[in-house]
Amino acid sequence: MSAKKNIRAFSLTELKEYFESIGDKKFRAMQTYEWLWKKNARSFTEMSNLSMELRRKLSEEFELNSLTVDATQHSSDGTLKSRFKTYDGHLIEGVLIPTEKRFTACVSSQIGCSLSCKFCATGLMDRKRNLNFDEIYDQVALLNEQCEKTYGQKLSNIVYMGMGEPLLNYKNVLKSIDKITASDSMGMSPKRITVSTAGVAKMIKQLGDDKVRFNLALSLHAATDKKRNEIMPINETNSIEYLIEALNYFYQHTKNDITLEYVLLQGQNDSLVDAEELITVYRQIPVHLINVIEYNPVAGIPFIKSGEDTTQIFTDYLAKNRVNVRVRRSRGKDIDAACGQLANKDKILA
Ligand code: SAH
């Protein structure tokens, strides 16, 4: 372990105290803070309005632990998938998804995942460690840079739908959102951020207690405990009844949007009986939207995506029953950048 401290863990007040303690001017703190959080500096060398000597001193005492872009792939539909390298050599992935109206960054919250959802590629990996808040922030900053460079636009939305379970890295996820939304940093509206969870009921309630201002998506994917236990082991300790209660609590305390995600798996959860069960759950939660997701095949996983007709019949049935439903076509399929396909496949990242 290095003895250097992570300078990005310092608040502005703490930086001021530090500069005072070394007999320097307090305004150096503001200058340094701007380099860290406005200009997204990735080394002390870049901090050109600080003296060479100060830059050297800072680099001796602190580190930045920044992410670097290891490789980027371009999909024919405009989606960009990037592999990022952490300061300690781990690889994670983030995706930039352009649509007509939006530029969305999809970011990872953990290195790997501990949940083993049966249909997900990341679930096949072990969880190595949580990402620190500044590493999550870096993904957003780097994807924003790519967005400006490739499309001449800033990011409009952020989804925590990359690798990992955000609510099992609660503190870092919330702190990263604090930074992304802070006016002295990126200044994005929390209404444009969605955190997706496989369903950690206790932490969904905690979000309510913390009165967060971002939106929440629940990866439901099956509407009875029996079926959900089969594909998402987390359901054994976070039953649908418990999740319904937690989501109501979240809504009462925050009034933020709740989306249900439902990936259609052939013969598993795509019958009209399944649709009816989904409606029963929907009626018990103040849900803004059900996103029916096209399943993306994962090598070594036996699930198959539902056919076009089945998808149509399923979603028509929901719509007829006054459910606000949308089908989410997957993006970046040709580069395995779509939901549940993020698993550091070296072969495709030449
Ligand atoms: N752990 C969080 C964040 C991951 S989000 C969560 O579960 O919500 C990724 C979304 O894509 C989740 O809804 C996940 O269930 C879904 N997903 C996983 N594998 C998929 C696949 N192969 N095809 C389509 N969606 C998938």
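Our structure is the block above this text.
Residues numbered from 1 in each chain as written. Predicted model: local features only at pLDDT ≥ 70, side-chain atom pairs only at ≥ 80, totals over all residues. Heavy atoms only, no water.

K.L.:
How should the overall build of the protein be read in this particular structure?
P.N.:
The helix and strand inventory of the protein stands at 10 helices and 14 strands. The globule rule puts the C-alpha radius of gyration for 350 residues at 20 Å, and the 21 Å found for the protein is close to it. In terms of overall dimensions, the protein has C-alpha extents of about 70 × 45 × 40 Å along its principal axes. Counting every position in the protein, which comprises 350 residues, the buried fraction comes to 55%. Taking the contacts inside the protein whose residues are at least 6 apart along the sequence as the reference set, 66% of them involve residues at least 24 apart. Here the protein displays about 15900 Å² of accessible surface, and carbon together with sulfur accounts for 50% of that area. (Helix = DSSP H or I, 4+ residues; strand = E, 2+ residues; numbered from the N terminus. Rg over C-alpha atoms; globule rule 2.2 N^0.38 Å. Buried < 20%, exposed > 50% of the residue type's maximum accessible area, 1.4 Å probe, protein only. Contact = heavy atoms within 4.5 Å. Areas by Shrake-Rupley, 256 points an atom, 1.4 Å probe, with all protein chains shown as cover.)

K.L.:
Before we go on, may I ask you to explain the packing of aromatic side chains in this structure?
P.N.:
Aromatic ring pairs are defined here through the distance separating the ring centres and the angle between the ring planes. A complete count under the given rule lists 8 aromatic pairs for this structure. Measuring from centroid to centroid gives 4.9 Å for Trp37 and Tyr137, while their planes differ by 80 degrees, and the two rings are edge-to-face. Linking Trp37 in helix α2 (residues 27-37) with Tyr137 in helix α4 (residues 133-151), this pair joins segments that are 100 residues apart in sequence. Judged by relative accessible area, Tyr137 falls into the buried class, the value being 1%. Sitting above the plane of the Trp35 ring, Lys39 keeps its charged end 3.9 Å from the centroid. The ring of Trp37 has Lys179 lying over it, and the distance from NZ or CZ to the ring centre is 4.5 Å. (Phe/Tyr/Trp six-rings, centres within 6.5 Å; stacked < 30°, edge-to-face > 60°. Lys NZ or Arg CZ within 6 Å of the ring centre and 35° of its normal.)

K.L.:
Sorry if this is basic, but what is going on with the packing of helix α9 (residues 272-282) against helix α10 (residues 308-320) here?
P.N.:
Between two packed helices, both the angle of their axes relative to each other and the distance between the axes serve to describe the pair. Axis separation between α9 and α10 bottoms out at 10 Å; the angle between their running directions is 35 degrees. Crossing handedness for the pair α9 and α10: right-handed. Facing Leu272, Asp274, Ala275, Glu276, Leu278 and Ile279 of α9, the residues of α10 in contact are Ile313, Phe314, Tyr317 and Leu318. Broken down by class, the residue content of the contact of α9 with α10 amounts to 8 nonpolar, no polar and 2 charged. (Axes fitted to C-alpha atoms, helices over the stretch in contact; angles between N-to-C directions. Left-handed = near helix turned anticlockwise from the far one by under 90°. Nonpolar A, V, L, I, M, F, W, Y, C, P; charged D, E, K, R; others polar.)

K.L.:
Looking at this structure, I do not really get unusual backbone geometry. What am I missing?
P.N.:
Peptide bonds are trans in most cases, and residues, glycine excluded, mostly fall at negative phi. Phi angles above zero are rare outside glycine, and Ser116 is one such case at about 50 degrees. Within the secondary structure layout, Ser116 lies in the loop between β7 (110-111) and β8 (129-130). The partly exposed category is assigned to Ser116, whose relative accessible area is 36%. Even without being glycine, Arg322 reaches a positive phi, approximately 60 degrees. Its location among the elements puts Arg322 in the loop between α10 and β14 (325-328).

K.L.:
For this particular structure, what's the right way to read the sheet that holds strand β5 (residues 91-98)?
P.N.:
Two modes of strand pairing occur in sheets, parallel and antiparallel, and in both the strands are linked by backbone hydrogen bonds. Pairing is mixed across the open sheet formed by 10 strands, whose spatial order is β3-β4-β5-β6-β9-β10-β11-β12-β13-β14. The outermost strands of the open sheet, each flanked by one partner alone, are β3 (68-74) and β14. Here the average twist between neighbouring strands, direction ignored, is 25 degrees. Bridge analysis of β5 against strand β6 (residues 103-106) gives 4 bridges, and the strand direction is antiparallel. For Pro98, the partnering residue across the bridge sits in β6 and is Phe103. Packed onto the sheet, helix α8 (residues 240-254) meets β11 (215-219) and β12 (258-264) and runs at close to 170 degrees relative to β11. (Pairing = 2+ DSSP bridges.)

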